[in-house]
Amino acid sequence: MAMNNLKLGVDVVGAHNLLPKDGQGSSSAFVELYFDGQRFRTTIKEKDLNPVWNESFYFNISDASNLHNLTLDAYIYNNIKATHSRTFLGKVCLNGTSFVPYSDSVVLHYPLEKRGIFSRVRGELGLKVYITDDPSIKSSQPVPMSEETQIRPPTDQNLNPNTFSSAKTETRHTFHHLPNPNHSQQQHQHQSLVGAVPHHVTKYGVDEMKAEPPPPTLVRMYSASSAQPVDYALKETSPFLGGGRIVGGRVIRTDKTASTYDLVEKMHFLFVRVVKARELPAMDITGSLDPYVEVRIGNYKGVTKHMEKQQNPMWNVVFAFSRERMQASVLEVVVKDKDLVKDDFVGLVRFDLNEVPMRVPPDSPLAPEWYRLEDKKGEKIKSELMLAVWIGTQADEAFPDAWHSDAATPIDSSSAASTLIRSKVYHAPRLWYVRVNVVEAQDLVPTERTRFPDVYVKAHIGNQIMKTKTVQARQMNPLWNEDLLFVAAEPFEDHLVLTVEDRVGPGKDEIIGRVIIPLSAVEKRADDRIIHSRWFNLEKPVVVDVDQLKKEKFSSKLHLRICLDGGYHVLDESTHYSSDLRPTAKQLWKPSIGVLELGILNAVGLHPMKTRDGKGTSDTYCVAKYGHKWVRTRTIVDNLCPKYNEQYTWEVFDPATVLTIGVFDNSQLAEKGSNGHKDLKIGKVRIRISTLETGRVYTHSYPLLVLHPTGVKKMGEVHLAIRFSCTSFANMMYIYSRPLLPKMHYVRPFSVMQLDFLRHQAVNIVAARLGRAEPPLRKEVVEYMSDVDSHLWSMRRSKANFFRLMSVFSGLFAVGKWFGDVCMWRNPITTVLVHVLFIMLVCFPELILPTVFLYMFLIGIWNFRYRPRYPPHMNTKISQAEAVHPDELDEEFDTFPTSRSPDLVRFRYDRLRSVAGRIQTVVGDIATQGERMHSLLSWRDPRATAIFVTFCLIAAIVLYVTPFQVIAALAGVYMMRHPRFRHRLPSVPINFFRRLPARTDSLL
């Protein structure tokens, strides 16, 4: 088919609820369509706020390869006959990535958009947009040039300033659409369309199984100076989700039905609930049997666990088979008897899939029924099996706990193995800071009476151990008054154990006494009120279990002040990526400001993480963390392009928080590999809530970027749908005026060392608790999601932070360069204008601050047009990960303490010394300038101080008798004087300042 036959068809159906603009409560509306330099116009519908046109137009597509960069613009105007003019009623802009073949097109009602900030529009416009290459269809007649008006739509570059040029776009995976058997002609047309637009328009094929969205659009979120390779860029998509198609962050509904799972693609599953059986026949010599149930459909099979010697077993297990993968029309449920050699057949039940009912929540669960089993001859037997069979979606209550066919492992398809791969929601334990103030001890009895004991107190909760400083007890009543801090999790399982120990010699300590305090008995506080201290009797040390210590008391006592501090937020993740900032005490919690919804759609192009049956594969699952709630999708086994389509919801209490999504490979399903049983990280995505617009649906494909010892590597892409809905706008605005952390962090702050120690302990506690769940969320997963290694030294991170700092001050450097050009009269006109503005501000100083704030206001309004419309993502250029030296990466991935050879460690140490030497020089120069400022009046150089004091006296007299505006004007004119009046040598004040003494002479 010739390329010039490719056309874009637009059916203008009608509009609804337009804004009256004719002064009589109505409008005479018409639509103008703009695409690729072509313009078409509908007829005018007089005096109708709900006009219906049903007119079709066809645009020529000149370059099919550039189709995804073009936009279709539809403008609605009100015709004014008296003045032969028109007024704006609204517009709709559609990106080329949303164009589909005719068989997949439907009428969509698009909300009308404003043309500018002050435009006032309302209503919807119904359009049907599609691509066709039918040679019998001729393009429409364009609007004559005589009818051209001054109103023009914005160009494509103005509509989408962040879009990459077509030269930078990459080839993406193909998206397919379901064929329509009722349109054979369209089928022929769109098969030829595949050859016409190979990579950028929707492909069509008879063998394809499901409709999918058009290819994504590349977007740029940073300036050109920080642009990274196209393969690492974020890509916007327009998928069909449960609520409709997502176009530009808005949901365009295709039907009236609403779904709770509106951020994921609707997937249908065949659910089979195997409840129990009764009156099963005896199959063994002993007169019993070990029954289990095998559920089969096509090549998929699910198996329950066997019940030993049970003729009336109960399983209550649910199996879920993906409907799009089913290749059979009959479901077989077989009851078998477990045997050592060969399992015996007991009976079966068959179901025709065409007769299985559909269930849509919130319908009540389908009631299970008793079914008579059939033998191999098809005859009914006495035994019965209770089953429930229905077709549902991932919104079904049985979905999370079901055995899934698309997650079934070929190694073990039993229900026991399915516990390791099913989706789950985890709640991290509530963490408390435990503050132990060790005041003093009284009447200690050391083992050696001939010396004064060197005593200290050692406290531990679980694996956390803290010690006070060592004090020599000359009166046997040592005083410490030290605070020891720990992290504890509810429910409190460990006790606080304090021991008073005597340091007898190097490496030899003897216990004088000990006290055990249950954390459940410790007082809680939510503010800075004083906790009453208590004296605790020290128990004699005995070598028995902690709970079996003898209750015999003696005279030694320990003075303590202990409390559970609930006024702090226990930091269990990196401060930069905190997902929750609330204090521990629930009475201090503020109401939520909104709801965060996440749809984990799919992943594509994943790298194989293991080898199975001679080919590379992966068993992947996703983990999302926000606040105390962790979620884990089901594991999709043996699939490099898994589809999850699971949706989760969180309450949002602070917009300055971060949602983290990670993708992992499940290593628990096979034999132990080179990495042991550790789940392997594939990549993660961070999304800051404050960067999301309220109510908008963000559908993007995020590259999974991971830094390896060999460099940065793209491990695939994960497709997410995100929506932040605000429930209280006033509370959200109020949050921006509140401190980021709870009050106690500012009233009684922790040191940096304490915070690092406590954060490490908190991550260990959370990892231990989540590792005890079923299925466990493993420690390596929790640590990767919590960024536990973000505080370790890295040359790459140091460079990245330095260039970030340079970028922050780049504006000041640019202003300084501009002012230098003004002073040097590079552009005389600019310099003269600056002189005039400066004189005006000097004469009217009250205008300075209003001018500055007005200037910032105008800059903000101007930048609103170019505001970021996409959530930020990891950038390899900003991270300095593109051209990093291999040795620096090897140093970054080194263990702590190091495990490298001594020669390599010596080389790195010398390199670090050279870098630190340059930093040391810069810091010394800054200190020198400050010391010279101090020496102006210190008389360290008596002649210099005398000169400066005399100058100060003269300056005071001159400034007193001369108006300030005159002084400021003369100083400004002097600074901006013409180069003819400048000298190449430094000025007198600079020469004087550089001659002042500093303390460098006193350094060794």
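Scroll up a little and you will see the structure.
Rules behind the numbers
Residues numbered from 1 in each chain as written. Predicted model: local features only at pLDDT ≥ 70, side-chain atom pairs only at ≥ 80, totals over all residues. Heavy atoms only, no water. Helix = DSSP H or I, 4+ residues; strand = E, 2+ residues; numbered from the N terminus. Buried < 20%, exposed > 50% of the residue type's maximum accessible area, 1.4 Å probe, protein only. Areas by Shrake-Rupley, 256 points an atom, 1.4 Å probe, with all protein chains shown as cover. Pairing = 2+ DSSP bridges. Axes fitted to C-alpha atoms, helices over the stretch in contact; angles between N-to-C directions. Core = buried A, V, L, I, M, F, W, Y, C linked by side-chain atoms within 4.5 Å. Contact = heavy atoms within 4.5 Å. Salt bridge = Lys/Arg side-chain N within 4 Å of Asp/Glu carboxyl O. Expected span 1.5 Å × (residues − 1). Arc of directions from axis to C-beta. Polar contact = N/O pair within 3.5 Å; in protein donor to acceptor, adjacent residues only side chain to side chain. Patch = residues over 30% accessible without salt bridge, like charges linked within 9 Å, V, L, I, M, F, W, Y side chains within 5 Å.

Engineer: Give a detailed account of the overall build of the protein, specifying residues and quantitative values.
Structural biologist: Along the backbone of the protein there are 16 helices and 46 strands. Buried residues in the protein amount to 45% of all 1004 residues. Surface summary for the protein: the accessible area is close to 52600 Å², and the carbon and sulfur share equals 57%.

Engineer: Just give me the short version of the sheet that holds strand E44 (residues 680-688), but keep the residues and values in it.
Structural biologist: The five strands are arranged E26-E41-E40-E43-E44 in an open sheet whose pairing can be described as antiparallel. Looking along the sheet, the strands with just one partner apiece sit at the ends: strand E26 (424-427) and E44. Within the sheet, the average angular offset between the axes of one strand and its neighbour, ignoring direction, is 15°. Pairing between strand E40 (residues 620-626) and strand E43 (residues 658-665): six bridges, direction antiparallel. Bridging across to E43, Lys625 finds its partner in Thr660.

Engineer: Account for the pairing of strand E9 (residues 124-132), naming residues and giving values.
Structural biologist: With eight of nine residues buried, E9 lies mostly within the body of the structure. As judged from the nine bridges shared by strand E1 (residues 7-16) and E9, these two strands associate in the antiparallel manner. Looking at E9, one finds that Leu8 is bridged to Ile131. Here two bridges tie strand E7 (residues 100-101) to E9, and the two strands are oriented parallel to one another. Within the sheet, the bridge partner assigned to Pro101 lies in E9 and is Ile131. In this structure, strand E8 (residues 108-111) lies alongside E9, joined through four bridges in antiparallel fashion. Along E9, the bridge assignment pairs Tyr110 with Leu125.

Engineer: I'd like a rundown of the sheet that holds strand E3 (residues 38-41), residues and numbers included.
Structural biologist: Taken together, four strands build an open sheet; the order of strands is E3-E2-E5-E6 and the sheet is antiparallel. Looking along the sheet, the strands with just one partner apiece sit at the ends: E3 and strand E6 (85-95). Each strand of the sheet is rotated relative to its neighbour by a mean of 20°, with strand direction disregarded.

Engineer: Could you give me a rundown of the nonpolar core, with the residues and numbers involved?
Structural biologist: Leu596, Leu598, Trp630, Trp650, Leu720 and Ile722 are the most contacted members of the largest nonpolar core, which totals 63 residues. Excluding residues that lie within four positions of it along the chain, Ile722 makes contacts with Leu596, Glu597, Leu598, Ile687, Leu692, Arg696, Val697, Tyr698 and Tyr702. Core analysis: the next-biggest nonpolar cluster, separate from the first, contains 33 residues, Ala15, Phe35, Ala64 and Val92 among them.

Engineer: For the pattern of salt bridges, give the residues involved together with the corresponding values.
Structural biologist: Under the definition given, this model contains 57 salt bridges. The partner of Glu397 in a salt bridge is Arg359, and the shortest N-O contact between them spans 2.8 Å. In this pair, Glu397 sits in the loop between strand E24 (380-393) and strand E25 (403-404) while Arg359 sits in the loop between strand E22 (344-352) and strand E23 (369-374), placing the two residues 38 residues apart along the sequence. When the shortest N-O distance is used, the salt bridge between Asp890 and Arg908 registers 2.3 Å. Of the two residues, Asp890 is situated in helix H12 (residues 886-892) and Arg908 in helix H13 (residues 902-934); the sequence distance between them amounts to 18 residues. Its relative accessible area of 22% is what places Asp890 among the partly exposed residues. One continuous salt-bridge network, built from bridges that share partners, spans Glu294, Arg296, Lys301, Glu332, Lys336, Arg350, Glu374 and Lys380.

Engineer: Tell me about helix H10 (residues 828-843), and name the residues and values.
Structural biologist: Look at H10: 23 Å from first C-alpha to last across 16 residues, which is about the 22 Å you get at 1.5 Å a residue. For H10, the complete set of buried residues consists of Thr831, Val834, His835 and Val842. Around the axis of H10, the buried residues are gathered within 105° of arc, so they sit on the same side. Looking at H10, the residues exposed on the side facing more than 90 degrees away from the buried face are Ile829 and Leu833.

Engineer: Describe the environment of Ser701, listing the residues and the values that go with them.
Structural biologist: Within the secondary structure, Ser701 is located in strand E45 (residues 697-708). A polar side-chain atom of Ser701 sits 2.6 Å from a polar atom in the side chain of Glu717.

Engineer: Pulling in residues and values, what's your account of a nonpolar patch on the surface?
Structural biologist: On the surface, a nonpolar cluster with roughly 820 Å² of combined accessible area is contributed by Phe802, Phe803, Leu805, Met806, Val808, Phe809, Leu812 and Phe813. Sort the elements by how many residues they give to the nonpolar patch and helix H8 (residues 795-808) lands first, with five residues. The residue Met806 is located in helix H8 in this model.

Engineer: Go over the side chain of Thr617 with me, naming the residues and quoting the values.
Structural biologist: Along the chain, Thr617 falls in strand E39 (residues 615-617). For Thr617, a relative accessible area of 1% gives the class buried. In this structure the side chain of Thr617 is engaged in a polar contact, spanning 2.5 Å, whose partner is the side chain of Asp638. Here Thr617 is in contact with Pro608, Met609, Lys610, Arg612, Asp638, Asn639 and Leu640, once residues within four sequence places are set aside.

Engineer: Explain unusual backbone geometry to me, using residue names and the numbers behind them.
Structural biologist: Look at the link from Glu490 to Pro491: it is a cis peptide, with omega at -10°. Looking at the element boundaries, Pro491 is found in the loop between strand E31 (479-489) and strand E32 (495-505). Residue Pro775 follows Glu774 across a cis peptide bond; omega there is 0°. Locating Pro775 in the fold gives a position in the loop between helix H6 (752-770) and helix H7 (779-786). A positive phi angle is found at Asp638, which is not glycine, with a value near 60°. The exposure class assigned to Asp638 is partly exposed, which follows from its relative accessible area of 34%. Positive phi, normally seen in glycine, also occurs at Asp787, with a value near 55°. Looking at the secondary structure, you find Asp787 in the loop between H7 and H8.

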